[in-house]
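# Architecture and fold: a report
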Amino acid sequence: MKHIAIGILGAAALGLTATAASAGTLDTVKQKGFIQCGVSTGLAGFSAPDDKGDWQGIDADFCRAVAGAVFGDGTKVKFTPLSAKERFTALQSGEVDILSRNTTWTINRDTALGLNFIGVTYYDGQGFMINAKKLPGVNSALQLSGAAVCVQSGTTTELNLADYFKSNKMEYNPVVFEKLEEVNAAYDAGRCDVYTTDQSGLYGIRLTLGAPADHVVLPEIISKEPLGPAVRQGDDQWYHIVKWTYFALLQAEELGITKANVEEMKTSDNPEIKRVLGQEADTKIGTDLGVSNDWVVNIVKAVGNYGEMFERNVGSGSPLKIARGINALWTKGGLQYAPPIR
């Protein structure tokens, strides 16, 4: 979900950011012995507790990857569930060290809120879900004129919805709630005809409904929603560590380095693999970053590479079964691309 900043929050952000970042996040994290990771209140595939209370999902795993880079141990992370309304203040104030919570990268958040997005861990877009039994014959969002649409308030989702219906000269009745759980319950109870949010979120929400098979995600994508982790502005070292953790996950996949073979790959004769895994003679890549030279090894040991993380949480190995699509590597027709680690 994508909460829109209000003026007061944005103005406060810069002061909070400067204070929180000035302490040096890496030093603070090392001193307390773990990374505090801000996640959602529960979105399947991205961040949600399992039946044992352990957080699962791409966003949760990303924080484990950073813990692997910093501590050599992906378990040194604690999770703070945050609503759309709470998430930015929690990062600005220093309550969390990373916000990894299915959050859209926008210019407002880069500027007025004083955040730094480290990359796009999931390219998404806003979509629509309907109860096919209530709306038989509807197979396109362009057939939704006059529908009641459930949407979370104060989000870019709400604004995109208005833009889409206006631009297509259609009418709709917004059914608005502040909390995600309220939107889910209202849609499941039949208080609206349509549910709109990020398309990936719709697949996860569908699994939680009373009769998942009755619900269909329509094909239209009406917005760009580049989802990724963010850190506070004013701490370049921490920003670089988190950003290059993301790039390391992509580079590992591109080079065929997996959780299962990473130890074996350390003995590879391939100069690029040796360099990435910290086996190059006199390397300072890791230490220049502020971590150990085997930081990529530790990341992959913690969560695997990006492809493994994707498939396990939202792809073929998950209940969501979402295709890689534009989240594939650039070498396979997707948008995921890492600068060189050298």
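Residues numbered from 1 in each chain as written. Predicted model: local features only at pLDDT ≥ 70, side-chain atom pairs only at ≥ 80, totals over all residues. Heavy atoms only, no water.

The following threshold applies: UniProt positions are given in the numbering used here, feature names are shortened, and annotations may be inferred rather than shown by experiment.
Naming follows an unreviewed UniProt entry, where the protein chain appears as Cationic amino acid ABC transporter periplasmic binding protein of Mesorhizobium amorphae CCNWGS0123. The heading Sequence similarities (unreviewed entry) in the UniProt record of the protein chain holds the text "Belongs to the bacterial solute-binding protein 3 family."

## Description of the UniProt feature "domain: Solute-binding protein family 3/N-terminal" (unreviewed entry) in the protein chain
To be explicit about the condition: Segments assigned H or I by DSSP are reported as helices when at least four residues long, segments assigned E as strands when at least two residues long, and all are numbered from the N terminus.
As annotated by UniProt and renumbered to match this structure, "domain: Solute-binding protein family 3/N-terminal" (unreviewed entry) occupies residues 34–265. The straight-line gap between the two end C-alpha atoms of residues 34–265 is 28 Å; of that span, 34% is helix and 23% is strand.

## Looking at the state of the cysteines
Going by this rule: The disulfide definition used here is simple: a pair of cysteine sulfur atoms within 2.5 Å. Relative accessibility decides the category of a residue: with a 1.4 Å probe and only protein chains considered, values under 20% of the type maximum give buried, values over 50% give exposed, and everything between is partly exposed.
For the structure on display, the rule yields two disulfides. Across the disulfide from Cys150 sits Cys192; the S-S distance is 1.9 Å. What sets the handedness of the Cys150 and Cys192 disulfide is the S-S torsion sign, and at about -100 degrees it is left-handed. Residue Cys150 is found in strand 9 (residues 147–152), and its partner Cys192 is found in the loop between helix 7 (180–188) and strand 11 (194–198); the two are separated by 42 residues along the sequence. On the basis of relative accessible area, Cys150 is assigned to the buried category, the value being 0%. In the protein chain, the bonded cysteines, numbered by position in the sequence, are linked as 1-2, 3-4.

## Details of the packing of aromatic side chains
Applicable threshold: In summary, the pairing rule links any two rings of Phe, Tyr or Trp, Trp by its six-membered ring, whose centres are within 6.5 Å, and it sorts them by plane angle into stacked for under 30 degrees, edge-to-face for over 60 and tilted for everything else.
Using the criterion set out here, one finds 13 aromatic pairs in the structure. Their ring planes at 10 degrees and their centres at 5.8 Å tell us that Trp105 and Phe117 sit as a pair that is stacked. Of this pair, Trp105 sits in the loop between strand 5 (98–99) and helix 5 (107–111) while Phe117 sits in strand 6 (residues 115–117); the two residues are 12 residues apart in sequence, bridging distant segments of the chain. Residue Trp105 is classed as partly exposed on the basis of its relative accessible area of 33%.

## Quick word on the domain arrangement of the protein chain
It is common to report an interface's size as the accessible area lost on association of the parts. Put simply, the rule is: Domain start and end points were adopted from an automatic or database domain assignment. In this analysis, two residues are considered to be in contact whenever any of their non-hydrogen atoms come within 4.5 Å of each other. The term buried area means the drop in 1.4 Å probe accessible area that two parts suffer when joined, counted for both and summed. Any carboxyl oxygen of Asp or Glu within 4 Å of a side-chain nitrogen of Lys or Arg constitutes a salt bridge here.
According to the domain assignment, the protein chain contains domain 1 (2–123 + 227–332) and domain 2 (126–223). Between domain 1 and domain 2, the C-alpha centre-to-centre distance is 29 Å. Across the contact, 16 residues belong to domain 1 and 17 residues belong to domain 2. Regarding the contact of domain 1 and domain 2, the summed buried area is about 1,300 Å², with carbon and sulfur atoms giving 61% of it. Inspection of the domain 1/domain 2 interface yields one salt bridge. A salt bridge links Lys85 to Glu178, with the nearest nitrogen and oxygen atoms 3.9 Å apart.

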